[in-house]
Amino acid sequence: MTAPMPVRPPEPPEKPPPPAGPDKAARPASAARRPSRLLAPLRETGKLFALAVAVARAVFRRPFQVREFIEQFWFVASVTILPAALVSIPFGAVIALQVGSLTQQLGAQSFTGGASVLAVIQQASPLIVALLISGAAGSAICADLGSRKIREELDAMEVMGVSPIQRLVVPRVLATMLVAVLLNGLISVVGTLGGYFFNVIMQDGTPGAYLASFSALAQLPDLYISEFKALIFGFIAGIVAAYRGLNPRGGPKGVGDAVNQSVVITFMLLFFVNMVLTTIYLQIVPAKGS
């Protein structure tokens, strides 16, 4: 006879899972862990401001990269001086012709010089500088830093204890700021001369009235706000280019996308900051003779 087979006792019933809370019942766990896409622009903006603060702090640290600063200054100046001079002439001419035509209709042709020169110095010159710095120099800076990032050169510098921000970003941002200030003066002079030529030659204006209206309406703070705008625009262009270059996505293709994004973001920020600075200046500094 064979021994009877042992009977396995039944397993205890499994405990039911705890009821899900009202906030977790409506969405799966993967959706709860996934960051919201609506907050992505805020995170990117915060990182951009954090980089700007880090660069501002690293400016006063030693050692300062003098050689890198001189090389970047020469590079930025070499790619922007000639386009700036060529672009400022038609800008000054268009402003002078448009303002001259408007003043003729209003019977105030004697104020053509002052109005056109103020428009060139306060608005056109800083914007031309910003567009050239961000389009020519900023794109090159972004591409350079992005290529270094995907080749893991920046990670190697951090491993060796070298700060990429102090070593690479700070000289480039300072170079863009200094070149922007100098280019602003060049564009103001060339644009004013171009407006003077087109107003006197093509609209039969008198040189004396052109210069007299300029001296009657213009004042020294107009030049100060123009140079200050150029300084701020150069800083913004350098920071945005460096930020997008330090954070490329998707390998070499991501570097190209980062360059395009840096130019577009810089343009949007520059026009917004220009509106804010112009509004503050017009509220603080009274017009001459008022």
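Residues numbered from 1 in each chain as written. Predicted model: local features only at pLDDT ≥ 70, side-chain atom pairs only at ≥ 80, totals over all residues. Heavy atoms only, no water.

**Digging into the pattern of salt bridges**
Worth spelling out the cut-off: Definition used for salt bridges: Asp or Glu carboxyl oxygen within 4 Å of a side-chain nitrogen of Lys or Arg. Numbering of helices and strands runs from the N terminus; a helix is a DSSP stretch of H or I covering at least four residues, while a strand is a stretch of E covering at least two. Whether a residue is buried, partly exposed or exposed follows from its accessible area with a 1.4 Å probe, protein chains only, as a fraction of its type maximum: under 20%, in between, or over 50%, in that order.
Summed over all chains, the structure comprises eight salt bridges. Put simply, E68 and R172 hold a salt bridge, and the shortest N to O gap is 2.9 Å. Of the two residues, E68 is situated in helix α4 (residues 66-106) and R172 in helix α7 (residues 164-202); the sequence distance between them amounts to 104 residues. With relative accessibility at 3%, the residue R172 sits in the buried group. Each of E68, D144, R148, R151, E153, R167 and R172 takes part in a single network of salt bridges with overlapping partners.

**A look at a nonpolar patch on the surface**
In plain terms, the rule: Only residues whose relative accessible area exceeds 30% and that form no salt bridge enter a patch; like-charged residues are grouped when within 9 Å of one another, and nonpolar side chains (Val, Leu, Ile, Met, Phe, Trp, Tyr) when within 5 Å. Each accessible area is a Shrake-Rupley result for a 1.4 Å probe, and residues are judged covered by the shown protein chains and nothing else.
Residues F272, M275, V276, I280 and I284 make up a contiguous nonpolar surface patch of roughly 490 Å² in combined accessible area. Secondary-structure assignment places I284 in helix α10 (residues 251-284). Residue classification places I284 among the exposed positions, given a relative accessible area of 61%.

**A look at unusual backbone geometry**
The omega torsion of the bond from R62 to P63 falls at 5°, within 30 degrees of zero and hence cis. Assignment of secondary structure puts P63 in the loop between α3 (40-58) and α4.

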